[in-house]
Amino acid sequence: MNQAHRGSIHLEDGRLLRNEAFAGEQYILRIEAPKCAAAALPGSFVHLTCDPGIPMRRPLSIMRADPKAGWIDVLFKVVGAGLAALAARKVGDTLSVLGPIGRGFAPNPARPLTLLIGGGVGIPPMVFLAERLIVREDVRWQPLVLMGSEIPFPFATRPSTILVPGMPPEVIASMPSLDALGVASRLASKTGFPGCYGGFVTELADAWLAAQPKAGLAEVEIFACGPTPMLKATAQLARRYRLPCQVSLEEFMACGVGGCAGCAVQVETADGPAMKRVCVDGPVFDAYTVFAG
């Protein structure tokens with residue numbers, strides 16, 4: 001494991017505080033895990049034991065962390081027996097929590113207009129990053145969160161109260177919790193949900209970027225998490241508009257701490273192509289080093 005990560009990963013018995021079910025077999029768990037909550041950063045994840053009878057842990061992105069109250073939120077969609085078992089856990093149950101793991105996002109204060117793009121279960125890191133940025137006082141951060149899903153969103157959508165210059169006027173659906181914090185958000189889906197952009201979330205991002213003045217683009221940085229095709233499209237978008245872009249990769253992870261190297265991906269470095277472990281060298285990478293050309 002990289003030296004930078006040693007001492008930052010904690011193993012603790014977490015207590016399940018809340019288990020909320022949403023359409024599409026989606027669940028949001030709130031877990032009391034004080035050590036993890038105190039060290040969590042947007043882009044980091046946890047490795048959870050789903051059930052005492054299932055030895056392999058599952059990696060889940062952290063959607064929120066409250067260092068004072070000592071809890072974290074995770075969002076997942078049931079895929080396979082492990083996550084089905086996790087979804088069945090009851091409030092009060094003990095969950096073994098290993099985390100936070102991984103390198104998070106590193107926003108550049110010179111580019112405070114942050115475009116956050118989340119697809120499906122890639123939504124959580126974008127929510128976490130937006131909520132952390134809006135309370136920072138180093139510069140006036142202006143996060144815009146665009147979320148895409150082909151199943152119902154894991155929250156009750158509502159028309160946004162925040163005007164977003166350059167956004168197609170018919171696109172008004174938002175995430176209420178972000179709206180309440182003063183964070184602009186918009187939703188995209190090809191399934192015809194009311195108020196959503198009728199296409200891919202990257203197409204909505206393209207429409208918004210195309211409407212920005214040149215001076216405005218100079219302050220934009222892109223952050224994304226989601227399926228690989230979405231991340232590749234995001235990287236192409238960033239390249240077209242000549243914008244910096246950071247992506248959080250989704251890979252299968254066995255150990256989650258860099259030992260097995262099962263999550264390795266090829267990344268371009270100053271010394272040429274190299275294999276990097278998503279769990280500890282990432283999951284956040286410069287998009288241009290992962291998606292060439």
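Everything discussed here concerns the structure shown above.
Residues numbered from 1 in each chain as written. Predicted model: local features only at pLDDT ≥ 70, side-chain atom pairs only at ≥ 80, totals over all residues. Heavy atoms only, no water.

Description of the packing of aromatic side chains
- Under the criterion given, the structure shown has four aromatic pairs.
- Between the aromatic rings of Tyr27 and Phe76, the centroid separation amounts to 5.7 Å while the plane-to-plane angle is 20°, which identifies the pairing as stacked. With Tyr27 in strand β2 (residues 26-32) and Phe76 in strand β5 (residues 71-77), the pair connects residues that are 49 residues apart, well separated along the chain.
- Look at Tyr27 and you get buried, because its relative accessible area is 18%.
- Judged by its relative accessible area of 2%, Phe76 is buried.
- An angle of 85° between the planes, with centres 5.7 Å apart, marks the rings of Phe105 and Phe223 as edge-to-face. One end of the pair, Phe105, is in the loop between β6 (94-101) and β7 (113-119); the other, Phe223, is in strand β12 (residues 220-225), with 118 residues separating them in the sequence. The pair Phe105 / Phe223 is uniform in exposure class, with both members buried. (Phe/Tyr/Trp six-rings, centres within 6.5 Å; stacked < 30°, edge-to-face > 60°. Helix = DSSP H or I, 4+ residues; strand = E, 2+ residues; numbered from the N terminus. Buried < 20%, exposed > 50% of the residue type's maximum accessible area, 1.4 Å probe, protein only.)

Quick look at the nonpolar core
- Grouped together as the largest cluster of nonpolar side chains are 44 residues, with contacts concentrated most on Leu115, Trp208, Leu209, Val220, Ile222 and Leu249.
- Broken down by element, the residue count for this core peaks at six residues, all from helix α7 (residues 228-241).
- Residue contacts for Val220: discarding those within four places in its chain leaves Arg111, Leu113, Leu115, Trp208, Leu209, Leu243 and Pro244.
- Counting residues in each nonpolar core, the second largest holds 25 residues, with Leu75, Val145, Phe153 and Met175 among its members. (Core = buried A, V, L, I, M, F, W, Y, C linked by side-chain atoms within 4.5 Å. Contact = heavy atoms within 4.5 Å.)

Brief notes about the layout of surface pockets
- Estimated volume of the largest pocket: approximately 660 Å³.
- If you trace the largest pocket, you find 20 residues lining it, with Pro59, Leu60, Val121, Glu250 and Glu251 closest to the centre.
- Elements supplying a minimum of two residues to the lining of the largest pocket: β4 (58-66) and β5.
- No other element matches β4, which puts four residues into the lining of the largest pocket.
- Across the lining of the largest pocket, the residue classes break down as 13 nonpolar, three polar and four charged.
- What the second largest pocket holds in volume is close to 350 Å³.
- Forming the walls of the second largest pocket are 19 residues, and the residues nearest its centre are Gly119, Gly120, Gly148, Glu150 and Pro227. (1 Å grid on protein atoms, 1.4 Å probe; cavity = no way out; pocket = protein on both sides within 12 Å on 5 of 7 lines; lining within 4 Å. Points joined across faces, edges and corners; volume = space filled by probe spheres on them. Nonpolar A, V, L, I, M, F, W, Y, C, P; charged D, E, K, R; others polar.)

So, the sheet that holds β7
- Across the sheet, which stays open at both edges, the six strands sit in the order β11-β8-β7-β12-β13-β16 with mixed pairing between neighbours. The strands lining the two open edges of the sheet, one partner per strand, are β11 (184-188) and β16 (284-286). On average, each strand axis in the sheet is tilted by 20° relative to the strand beside it, whichever way the strands run.
- Of the strand pairs in this sheet, β12 and strand β13 (residues 245-248) are connected by four bridges, and their pairing is parallel. From the neighbouring strand, Ala224 faces β13, where its bridge partner is Val247.
- Most of the contacts of helix α3 (residues 123-133) go to β7, to which it runs at about 155°, and overall it touches β7, β8 (144-148) and β12.
- The strands touched by α7 are β7, β12 and β13; relative to β12, the strand with the most contacts, the crossing angle is about 170°. (Pairing = 2+ DSSP bridges. Axes fitted to C-alpha atoms, helices over the stretch in contact; angles between N-to-C directions.)

Observations concerning the state of the cysteines
- What the rule picks out here adds up to zero disulfides.
- Between Cys245, a free cysteine, and Cys225, which holds the nearest cysteine sulfur, the sulfur-to-sulfur gap is 12 Å.
- Cys263 provides the cysteine sulfur closest to Cys279, a residue in no disulfide bond, and the two sulfurs are 3.8 Å apart. (Disulfide = S-S within 2.5 Å.)

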